[in-house]
Amino acid sequence: MNAAAPSARTAAIVPAAGRGERLGPGAPKALRTLAGQPMLLHAVRALAAARSIDLVVVAAPEDGVDEARSILAGLDTEAEIVIVSGGETRQDSVARALLALPADVDVVLVHDAARPLVPPDVVDRVSAAVRGGHDAVIPTLGVVDTIKEVDDGIVIGTLDRSRVHAVQTPQGFARAVLQRAHASSEGSDATDDAGLVERMGVVVHTVAGDEEAFKITRPLDLVLAEAILVRRRASGGVV
Ligand code: CTP
Ligand code: MG
């Protein structure tokens, strides 16, 4: 259990410094557009729209800090926005953003810019579970495919699908726990922050994720994201 004080602030860190190599040639992924607006703008807007988020710290591509600043300058929000330069790996980018957190932040969520359509409800669900006393919280979804363990082309076994979960972001942490995890695992290049925290033996809790919090990785993911935005616009939602 952590000692999160209700008066302290909740921050969202947004690793956005990746190149988007699997998406194909082009600008860094977070700066590419979806329905005419950069992915980064969609992601930060979703976080800032969550009631629980007071501050957003973006780790921008090293050569895209000014662009990120101008993209986010026009966002109509009361949340404070800070932009830092990201690093070579996702873990480096998160570590750099952690260094920029003000002292009064005690709960930190980490959210991929590559998940620009996350519903604000998911963000608030994660924040609430951390504020409620859990040191580490991740949103997950069940998997629909049968999952097999394969080695060198040979099936080793079939996993019990009811026990396998796909993990999304934002992942939420008591600030001290996340800082300790990063300090003790420099250079490990984990693909998520909960992985670092698990290695310290901290219990990681799950809450329900959401299909719309999917990660944009390959070109087909852009087609799905555009379709979701068309549907949101048609139903009068903010896009
Ligand atoms: N990220 C980051 N700094 C890095 C690498 C990744 O901040 N050095 C961020 C990405 O911007 C993204 C998130 O981590 O929001 C998840 O990474 P991923 O989906 O792998 O994005 P990319 O690394 O950009 O994509 P790819 O691996 O295809 O190049
Ligand atoms: Mg990557």
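Look up a bit, the structure's there.
Structure report, in brief. (Residues numbered from 1 in each chain as written. Chains lettered and ligands numbered in written order. Predicted model: local features only at pLDDT ≥ 70, side-chain atom pairs only at ≥ 80, totals over all residues. Heavy atoms only, no water.)

What to know about the site of ligand 1
Here's step 1: Around ligand 1, the structure places 18 residues, and the nearest of them are Pro15, Gly20, Glu21, Ser93 and Lys215.
Here's step 2: In the model, an oxygen atom of ligand 1 is placed 2.8 Å from a nitrogen or oxygen of the Pro15 main chain.
Here's step 3: The contact in question runs from an oxygen atom of ligand 1 to an N or O atom on the backbone of Gly20, over 2.9 Å.
Here's step 4: Taken by itself ligand 1 offers 570 Å² of open surface, and the protein chains cover 86% of this.
Here's step 5: Judged by the fraction of its atoms near the pocket grid, ligand 1 is located in the largest pocket. (Near = heavy atom within 4 Å. Polar contact = N/O pair within 3.5 Å; in protein donor to acceptor, adjacent residues only side chain to side chain. Areas by Shrake-Rupley, 256 points an atom, 1.4 Å probe, with all protein chains shown as cover. 1 Å grid on protein atoms, 1.4 Å probe; cavity = no way out; pocket = protein on both sides within 12 Å on 5 of 7 lines; lining within 4 Å. Sits in = over half its atoms within 2 Å of the grid points.)

Digging into the nonpolar core
Here's step 1: Ranked by internal contacts, the top residues of the largest apolar core, which has 33 residues, are Val14, Leu40, Val58 and Leu72.
Here's step 2: Every residue in contact with Val14, bar those within four places of it in the chain, is listed here: Leu40, Leu47, Val56, Val57, Val58, Ala59, His111, Asp112 and Ala113. (Core = buried A, V, L, I, M, F, W, Y, C linked by side-chain atoms within 4.5 Å. Buried < 20%, exposed > 50% of the residue type's maximum accessible area, 1.4 Å probe, protein only. Contact = heavy atoms within 4.5 Å.)

Side note on the layout of surface pockets
Here's step 1: There is about 1,600 Å³ of room inside the largest pocket.
Here's step 2: In this structure, the largest pocket is lined by 48 residues; those nearest its centre are Arg22, Asp112, Arg115, Lys215 and Thr217.
Here's step 3: Secondary-structure elements contributing two or more residues to the lining of the largest pocket are helix 3 (90–99), strand 7 (136–142), strand 10 (165–167) and helix 7 (219–234). (Points joined across faces, edges and corners; volume = space filled by probe spheres on them. Helix = DSSP H or I, 4+ residues; strand = E, 2+ residues; numbered from the N terminus.)

Quick word on helix 7
An α-helical turn contains 3.6 residues, so any two residues separated by three or four positions project in the same direction.
Here's step 1: The terminal C-alpha atoms of helix 7, which comprises 16 residues, lie 24 Å apart, in line with the 22 Å expected from a rise of 1.5 Å per residue.
Here's step 2: What helix 7 keeps buried is the set Asp221, Ala225, Ile228 and Leu229. Buried residues along helix 7 cover an arc of 100° about the axis, so they all sit on one side. Across from the buried face of helix 7, at angles greater than 90 degrees, the exposed residues are Leu220, Val223, Val230, Arg231 and Ala234. (Expected span 1.5 Å × (residues − 1). Arc of directions from axis to C-beta.)

Quick word on the environment of Val94
Here's step 1: You can see Val94 is positioned in helix 3.
Here's step 2: Among the residues examined, Val94 registers a relative accessible area of 0% and is labelled buried.
Here's step 3: In contact with Val94, not counting residues within four places along its chain, are Ile13, Pro15, Val110, His182 and Asp193.

As for the packing of helix 3 against helix 5 (residues 175–183)
Each pair of packed helices gets described by two things: the angle between the helix axes and the distance between those axes.
Here's step 1: Interhelical geometry of helix 3 versus helix 5 gives an angle of 130° and a closest axis separation of 11 Å. Viewed along their axes, helix 3 and helix 5 adopt a mutual orientation that is oblique. The element helix 3 and its partner helix 5 pack so that their crossing is left-handed. Residues Gln91, Val94, Ala95 and Leu98 of helix 3 form the contact with helix 5, whose own contacting residues are Arg175, Leu178, Gln179 and His182. (Axes fitted to C-alpha atoms, helices over the stretch in contact; angles between N-to-C directions. Parallel < 35°, antiparallel > 145°, perpendicular 65-115°, else oblique. Left-handed = near helix turned anticlockwise from the far one by under 90°.)

Side note on the environment of Ile83
Here's step 1: Structurally, Ile83 is set in strand 5 (residues 80–85).
Here's step 2: Look at Ile83 and you get buried, because its relative accessible area is 14%.
Here's step 3: A C-alpha to C-alpha distance of 8.8 Å links Ile83 and Ala100, two positions 17 residues apart in sequence.
Here's step 4: The residues touching Ile83, leaving out its near neighbours within four places in the chain, are Val58, Ala60, Val65, Ala68, Arg69 and Leu72.

Notes on the side chain of Glu212
Here's step 1: Residue position: Glu212 is located in the loop between strand 12 (205–208) and helix 7.
Here's step 2: A polar contact of 2.7 Å, which involves the side chain of Glu212, links it to the side chain of Arg232.

Quick word on helix 4 (residues 120–131)
Here's step 1: Counted at 1.5 Å a residue, the expected span for helix 4 with its twelve residues is 16 Å, and the 16 Å between its end C-alpha atoms agrees.
Here's step 2: Taken as a whole, helix 4 has its buried residues at Val122, Val123, Val126, Ser127, Ala129 and Val130. Along helix 4, the residues classed as buried sweep out an arc of 165° about the axis, all on the same side.
Here's step 3: Taken together, the buried residues of helix 4 touch strand 1 (9–15), helix 1 (39–49), strand 6 (105–110), strand 7, strand 11 (171–174) and strand 12.
Here's step 4: Backbone geometry just after helix 4 places Gly133 at a positive phi near 125°.

Points about the pairing of strand 6
Here's step 1: Where burial is concerned, most of strand 6 is hidden: six out of the six residues are buried.
Here's step 2: As defined by bridge partners, strand 1 adjoins strand 6 across five bridges and the pair is classed as parallel. Considered in strand 6, the bridge of Arg9 is made with Val105.
Here's step 3: Pairing of strand 6 with strand 11, which is carried by four bridges, proceeds in the antiparallel orientation. Residue pairing across strands places Val107 opposite Ala174, the latter belonging to strand 11. (Pairing = 2+ DSSP bridges.)

It is worth stressing that arrangement in space is one thing and function is another; only the former is reported here.
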